[in-house]
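Fold and geometry: a report
Residues per chain, in single letters:
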Amino acid sequence: MSQNNPNILYVGLMMSESAKNYWSSVANAPSRGLLFDSHLESCSVVDLRTWIDLEMSSVASRLDMSFTSLGSFYLHALLSKYERSQERLTANVKSIQIWSLFPKVRASFGLAVERLKSNEAASIAECLAHPIKPVRLHRLFYAMSILSLLAPLLCFVNPFFLLVIFAIWVINCGITWHYGFAVRAQCSGLVGIAILLQSGPKVLEALQNTSFPEVEQLSILNKECRPLRRKISYMLLPGYTQDGLLRIFIDFINTISLLELSLSCRAINSVHRETSVCVRLFNLIGRIDALQGLSATLSTFPHYCIPLFDGNARGFQMENVLHPLVKDPVPNTIREADKSVILTGMNMSGKTTFLKAIGINAILAQTVGVALASKLCIQRVVVKTLINRSDSVVGGRSHYFSEVCDLLEMLNAASSDAGKHFFLFDELFRGTNTVDRIAASKAVLDYFAKRFTTFSSSHDLELVSLLADSFEPYNFVGIVYDNEVKFDYKIRPGVCRERNAINLMVSAGYPSEITTAAAHLASQHTMASEDWSTCQAFSVSV
């Protein structure tokens, strides 16, 4: 199976359909989930191009075994922000490791957040992202509600108060008709917040007698939430009671007494005042859920490690690095490389997948604190990629010119940023002629390599010799037998001079007239003698 065309593994989110739909609607935005965590807001973000090039939305889905949408939000936010605090990365790793030691606690936690899997809970994030506006006339509603309840008692004193009761009820019906719809609309997200507030103590109980660093924070936060929890009960919020005659009777009582309207206003104003507390609880439960899910997912991989960060040297080391989206991934190793790296190899041999695996793990190391490798030692860097390209007919930019502009933009951004960068390029300038492509690629890659750690793939073997002073060559090879291409997806030092493009045309079923002519022309082409490193690879001639 080609690692350039992997079978993607998707782990379904354990939540309601509405939550899944909301996740899908914003899945390609790396800033999703960042509305809430003030600390994450201060971190450097993974840029949109890199996010899309590395398929980070699919990576988030693959790593996500959260019970709730809160966990999915937090994990997405975690993956999209570079964490520069080693203390926070260590806290992430500690929680992940503790979860692996307490499988029974995971089951208890799942029961504690059961209500947060509901459709109502799916609206929590949107409710917190767009804070509820306070109701200005709530005191009038309270007064009219009290009058409607006290007036019937006055009938025992004087029957005249029957007219007063009727007048109050008519006024209350008018208030309900005029203000009820707007208040009910604001209450749609309060059911989810009520569920969130009631889930806090249950989560704390599930995590008792464990050493999770979040337990102390949750205990303190639950105490802060107690007054708000008393003021909001989802049993009293609009639309929660089941349909039928009971619902009709309750609606009638609520209309004439303004009881539901008053309780709703009380809840709305309370949430408005205590939004920050709700946000903190959302973050904390989301964090706990995200890390438990991540712990469960990591156990399905052959290995993972805690990365080491070298703040001085430009070198890097990676052993048995894996791509999370590939089924049965092949581990690859580059040990103690002091130069940038250039990759050569046959089509579909795994070059692009390896570039993506490096980028994904560099991001995982700096956002979560783990890497899918047996060892990873890197600098703290910002990962930048140029893997997928596109042209623009409307913008009047060709495939090649778009790439030229994108590269310049990346270079200018990196040069103006004091931080360190790690660049991943896949076959630069593929949209132009051979001479210009090699000349431009040599100049650009030389420029980048002098300033940043750079990985690039190429089919132009001339580049290997031209870049010998600044790039270390590695290759991927394959075997073609009986018109079938076989790859082992293992990286090796040196250069691969074998070609398989025509063999792949044969495998795809091209007419023999085309493939034979192509093979003949290719055999007539002789490349100028160069001091290439060799690699062990062969292919069966067409």
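Quantities reported herein were computed from a predicted structural model and do not represent experimental measurements.

About the thresholds
Residues numbered from 1 in each chain as written. Predicted model: local features only at pLDDT ≥ 70, side-chain atom pairs only at ≥ 80, totals over all residues. Heavy atoms only, no water. Helix = DSSP H or I, 4+ residues; strand = E, 2+ residues; numbered from the N terminus. Buried < 20%, exposed > 50% of the residue type's maximum accessible area, 1.4 Å probe, protein only. Contact = heavy atoms within 4.5 Å. Areas by Shrake-Rupley, 256 points an atom, 1.4 Å probe, with all protein chains shown as cover. Pairing = 2+ DSSP bridges. Right-handed = clockwise from strand over helix to strand, strands pointing away. Phe/Tyr/Trp six-rings, centres within 6.5 Å; stacked < 30°, edge-to-face > 60°. Lys NZ or Arg CZ within 6 Å of the ring centre and 35° of its normal. Expected span 1.5 Å × (residues − 1). pLDDT = per-residue confidence, 0-100. Core = buried A, V, L, I, M, F, W, Y, C linked by side-chain atoms within 4.5 Å.

To continue, consider the overall build of the chain. The helix and strand inventory of the chain stands at 21 helices and 15 strands. Classification of the 542 residues of the chain by burial places 51% in the buried group. Sequence-distant contacts, at least 24 apart, represent 78% of the contacts inside the chain between residues at least 6 apart. For the chain, the computed accessible surface area is about 25,600 Å², with 58% contributed by carbon and sulfur atoms.

With that settled, consider the pairing of strand β9 (residues 421-426). Where burial is concerned, most of β9 is hidden: six out of the six residues are buried. The two faces of β9 match: His421, Phe423 and Phe425 on one face and Phe422, Leu424 and Asp426 on the other face are all buried. Sheet analysis places strand β8 (residues 382-386) next to β9, joined by five bridges and oriented parallel. Among the inter-strand pairings, Lys384 is bridged to a residue of β9, identified as Phe423. Note: β9 against strand β10 (residues 453-457), five bridges, orientation parallel. Each bridged residue has a counterpart across the sheet, and for Leu424 the counterpart in β10 is Phe455. In this fold, β9 hands off to helix α18 (residues 434-451), which returns the chain to β10; that crossover is right-handed.

Our focus in this paragraph is the packing of aromatic side chains. Scanning all chains against the criterion turns up 13 aromatic pairs. Ring pairing ties together the aromatic residues Phe67, Trp99, Phe109 and Phe212, which thus form one cluster. The ring of Phe309 carries the charged tip of Arg380 above its face, separated from the ring centre by 4.0 Å.

Working note: α-helix, 3.6 residues per turn, so residues spaced by three or four point in the same direction. The end-to-end C-alpha distance of helix α6 (residues 86-101) is 23 Å, a good match for the 22 Å that 16 residues give at a rise of 1.5 Å each. Three or more residues of α6 are buried, namely Leu89, Asn92, Val93, Ser95, Ile96, Ile98 and Trp99. Buried residues along α6 sit against α5 (69-79), α7 (103-112), α12 (214-231), α15 (275-298), β3 (308-309) and α16 (351-367).

Considering the arrangement of structural elements, one finds Gly189 in the loop between α10 (161-187) and α11 (190-206). Placed 68 residues apart in sequence, Gly189 and Ala121 show a C-alpha to C-alpha distance of 8.0 Å. Once residues within four sequence positions are removed from consideration, Gly189 is found in contact with Ser123 and Cys127.

Okay, the confidence of the model for the chain next. Residues of the chain with pLDDT of at least 70 account for 80%, and the chain-wide mean is 79. Looking over the chain, one finds the lowest element-wise mean pLDDT in strand β15 (residues 538-539), namely 36, and the highest in α16, namely 95. Note on residues 1-36: pLDDT under 50 across the span, and 96 contacts to partners over four residues away in sequence or across chains.

Before going further, it helps to spend a moment on the nonpolar core. Among the nonpolar cores identified, the biggest contains 110 residues, and Leu116, Val203, Ile334, Phe354 and Phe455 are the most heavily contacted of them. Of all the elements, α15 adds the most residues to this core, at twelve residues. In terms of nonpolar packing, the next biggest core, distinct from the first, is built from 18 residues, Leu386, Phe429, Ala449 and Phe471 among them.

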